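# Results of the structural survey
Below are the chains, spelled out letter by letter.
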Amino acid sequence: MSHYTDALTQLGAKTDLPASPDQALLERVPNPQAGEAYVVRFTQPEFTSLCPITGQPDFAHLVIDYVPGDWLVESKSLKLYLGSFRNHGAFHEDCTVGIGKRLVQAIAPEWLRIGGYWYPRGGMPIDVFWQTGAAPAGLWLPDQGVAGYRGRG
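An account of the accompanying structure is given in this report. The structure presented is a predicted model; accordingly, all values stated were derived computationally and were not measured.

Parameters at a glance
- Residues numbered from 1 in each chain as written.
- Predicted model: local features only at pLDDT ≥ 70, side-chain atom pairs only at ≥ 80, totals over all residues.
- Heavy atoms only, no water.
- Buried < 20%, exposed > 50% of the residue type's maximum accessible area, 1.4 Å probe, protein only.
- Helix = DSSP H or I, 4+ residues; strand = E, 2+ residues; numbered from the N terminus.
- Pairing = 2+ DSSP bridges.
- Axes fitted to C-alpha atoms, helices over the stretch in contact; angles between N-to-C directions.
- Parallel < 35°, antiparallel > 145°, perpendicular 65-115°, else oblique.
- Left-handed = near helix turned anticlockwise from the far one by under 90°.
- Contact = heavy atoms within 4.5 Å.
- Nonpolar A, V, L, I, M, F, W, Y, C, P; charged D, E, K, R; others polar.

As a general feature of sheets, a regular strand has side chains that alternate between the two faces. In terms of residue burial, strand 6 (residues 111-118) counts as a mostly covered element, since eight of its eight residues are buried. Going residue by residue along strand 6, you find Trp111, Arg113, Gly115 and Tyr117 tucked away on one face and Leu112, Ile114, Gly116 and Trp118 tucked away on the opposite face as well. Inspection of the sheet shows strand 4 (residues 57-67) paired to strand 6 by eight bridges, in the antiparallel sense. For Leu62, the partnering residue across the bridge sits in strand 6 and is Gly116. As judged from the five bridges shared by strand 6 and strand 7 (residues 127-131), these two strands associate in the antiparallel manner. Residue pairing across strands places Gly115 opposite Phe129, the latter belonging to strand 7.

Here you go:
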């Protein structure tokens, strides 16, 4: 089964949250500015998944930057996909890198990076960063803007 489609079946319709990331469908639309180097940023400051060992909730602030090729990810389908992790057990590294790889599979961007800024588990925050390679030359690429965890500090 393909995990992405060009058909917009979720946009404008009542759509239930998928039960798992494997059941989520990423939809894509043609890039109206194909051939132009620009950055699209999605920020998900309240991402939630479950610890695969304890079943306790884990929380992260995700920042996804990508330079589109021929396709854009449809934002409602991305929200539903990210929301489907809320009952999914996986380590921080698997969630962060897996999301990046799934987006690359769905939209074939010129470049993509994801920053997973995870809140502490066992007293230690775990931040995970992944990208497809070097950013295109001459691209304006803002800092992801997420401060390192400081506790009460």
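Additional details are given in the paragraphs that follow.
This part is about the packing of helix 1 (residues 75-83) against helix 2 (residues 92-107). One can describe the packing of helix 1 onto helix 2 by two numbers: an axis separation of 12 Å at closest approach and a directional angle of 150°. Taken together, the axes of helix 1 and helix 2 lie roughly antiparallel to each other. Handedness of the helix 1/helix 2 crossing: right-handed. Each of Leu78, Tyr81 and Leu82 in helix 1 lies in contact with helix 2, whose residues at this interface are Gly98, Ile99, Arg102 and Leu103. Among the residues forming the contact of helix 1 with helix 2, the class breakdown is five nonpolar, one polar and one charged.

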